[in-house]
Amino acid sequence: MALLQNGDSIGLISCSDGLRHDDVRVIHKIEQVLENLGITVVKAATLFRDDASPFSGSPQMRASELMRLFHQSEVKAIFDVSGGDSANQILPFLDFDAIRRAATPYIGISDLSVINNAINTCASVPSHHYRIKNLAGHFADSQTELFQRYFMEDEHDLTFEYRWLRGQQMNGVVIGGNIRCFLKLAGTRYFPDPTDKIIFLEALGGGPARMASLLAQMDQLSVFSKCAGVLLGTFSEMQKKELTPSIEALVFETTEKYNVPIAKTEQLGHGEDAHILPIGVPIVLE
């Protein structure tokens with residue numbers, strides 16, 4: 001069954017750093033595209049940042065607005081347009097039992113990886129790694145087609161291409177996201193059990209030294225010794241600047257002792273042409 005149908009409503013919110021006020025044009029473009037698809041937008045009060053801070057509201061306010069969207073039965077999916085650093089502030093104020101009952105999909109990328117994984121861990125509700133602001137980007141036409149195919153048609157096949165770095169097959173429930181933000185959950189009740197999971201990792205900024213450090217932390221958390229495989233998205237700064245060692249080499253070296261399967265895609269991450277990946281849902285790569 002399709003996640004969205006003509007006539008449905010979706011929520012827009014900023015649970016991490018708030019949008020700048022000049023982003024209002026982006027929101028208007030998103031609304032226009034969705035209106036053409038027959039989708040109505042319900043906007044949270046915590047969307048744009050306050051003049052005196054980078055936040056769209058206090059952690060309690062942002063959590064309250066997110067819960068308000070979960071409580072609205074007409075809201076069939078919640079798309080977070082934010083990013084930055086502050087999404088994990090809201091986690092203690094979320095009602096995961098109510099989120100479980102609502103079972104409304106939550107969709108975001110980057111810093112929102114903390115919410116994607118916390119919702120899956122604490123409420124057993126799948127989420128999606130996807131940036132709805134792509135509907136207003138340079139690839140708006142193809143992104144609109146992708147949105148319609150994935151969210152509004154009765155098919156949820158993986159749409160991205162990938163290549164193998166090690167192995168030829170992996171299957172399991174997907175966890176992860178932006179590597180820096182995902183690791184904010186380490187040591188908390190929100191961090192997912194990596195056993196037999198596919199670990200998805202991507203990044204916007206950071207060079208080889210930072211990535212080596214973050215990968216070492218994941219290894220010290222026993223993520224790579226327990227997982228079923230690693231799916232790498234784009235590591236924007238490293239790949240754009242062609243920094244070495246490459247992310248492929250770093251991950252290959254870190255996981256070599258476990259012989260864990262590794263696949264790499266250029267279609268998941270921060271790119272304006274990026275595709276969609278379900279979090280908390282089993283997938284098969286082969």
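Residues numbered from 1 in each chain as written. Predicted model: local features only at pLDDT ≥ 70, side-chain atom pairs only at ≥ 80, totals over all residues. Heavy atoms only, no water.

### Things to note about the overall build of the protein chain
Along its length, the protein chain carries 10 helices and 12 strands. For the protein chain, the C-alpha radius of gyration of 18 Å lies close to 19 Å, the compact-globule estimate for 286 residues. Overall, the C-alpha framework of the protein chain stretches about 50 × 40 × 35 Å when taken along its three principal axes. A buried classification covers 56% of the 286 residues belonging to the protein chain. Sequence-distant contacts in the protein chain: of pairs separated by 6 or more residues, those separated by 24 or more amount to 81%. Of the roughly 12,000 Å² of accessible surface on the protein chain, 47% is carried by carbon and sulfur atoms. Here the protein chain contributes 25 positively and 35 negatively charged side chains, and the mean placements of these two sets differ by 5 Å. (Helix = DSSP H or I, 4+ residues; strand = E, 2+ residues; numbered from the N terminus. Rg over C-alpha atoms; globule rule 2.2 N^0.38 Å. Buried < 20%, exposed > 50% of the residue type's maximum accessible area, 1.4 Å probe, protein only. Contact = heavy atoms within 4.5 Å. Areas by Shrake-Rupley, 256 points an atom, 1.4 Å probe, with all protein chains shown as cover. Lys, Arg positive; Asp, Glu negative; His and termini not counted. Charge placed at Lys NZ, Arg CZ, Asp CG, Glu CD.)

### Observations regarding the sheet that holds strand β3 (residues 75-80)
Paired through backbone hydrogen bonds, the strands of a sheet run either parallel or antiparallel to each other. The strand order across the open sheet formed by 6 strands is β2-β1-β3-β4-β5-β11, and the pairing between neighbours is mixed. The outermost strands of the open sheet, each flanked by one partner alone, are β2 (40-43) and β11 (277-279). The pairing of strand β1 (residues 9-13) with β2 spans 4 bridges and is parallel. When the sheet's bridge partners are listed, L12 is paired in β2 with K43. (Pairing = 2+ DSSP bridges.)

### Regarding the layout of surface pockets
One number sums up the size of the largest pocket: a volume of about 460 Å³. Along the walls of the largest pocket sit 29 residues, with G83, G84, S110, L204 and H270 positioned nearest its centre. Of all the elements in the fold, those that place two or more residues in the lining of the largest pocket are α6 (179-182) and α7 (208-220). If you tally residues by element for the lining of the largest pocket, the top one is α7, at 3 residues. Split into classes, the residues belonging to the lining of the largest pocket amount to 11 nonpolar, 9 polar and 9 charged. (1 Å grid on protein atoms, 1.4 Å probe; cavity = no way out; pocket = protein on both sides within 12 Å on 5 of 7 lines; lining within 4 Å. Points joined across faces, edges and corners; volume = space filled by probe spheres on them. Nonpolar A, V, L, I, M, F, W, Y, C, P; charged D, E, K, R; others polar.)

### Concerning the nonpolar core
Where a protein is soluble and globular, its nonpolar side chains tend to be buried together. By size, the foremost hydrophobic cluster in this structure holds 54 residues, and its most contacted members are I115, I179 and L201. Sort the elements by how many residues they give to this core and helix α4 (residues 113-123) lands first, with 6 residues. Counting 25 residues, the second-largest nonpolar core is a separate cluster that includes L12, L19, V41 and F79. (Core = buried A, V, L, I, M, F, W, Y, C linked by side-chain atoms within 4.5 Å.)

### Overview of the sheet that holds strand β12 (residues 282-285)
Strands sit in the order β6-β10-β9-β8-β7-β12 across an open sheet of 6 strands; the sheet is mixed. At either end of the open sheet lies a strand with only one pairing partner, and these are β6 (163-166) and β12. Strand-to-strand twist of the sheet, defined as the mean angle between neighbouring strand axes without regard to direction, takes the value 35°. Here strand β9 (residues 229-235) pairs with strand β10 (residues 262-264) via 3 bridges, running parallel. Bridge pairing in β10 places L231 opposite A263. (Axes fitted to C-alpha atoms, helices over the stretch in contact; angles between N-to-C directions.)

### Examining α7
Helical geometry note: an α-helix holds 3.6 residues per turn, so side chains three or four residues apart project in the same direction. End to end, α7 covers 18 Å across 13 residues, agreeing with the expected 18 Å (1.5 Å per residue, within 8%). Here α7 has its buried residues at P208, M211, L214, L215, M218 and D219. Buried residues of α7, viewed axially, fall in a sector of 145°; they line one side. For α7, the exposed residues set more than 90 degrees away from the buried face come down to A209 and Q220. Buried positions along α7 lie against α6, β8 (198-203), α8 (223-226), β9, α9 (236-241) and α10 (247-255). Looking one or two residues beyond α7, the residue adopting positive phi is S222, at roughly 65°. (Expected span 1.5 Å × (residues − 1). Arc of directions from axis to C-beta.)

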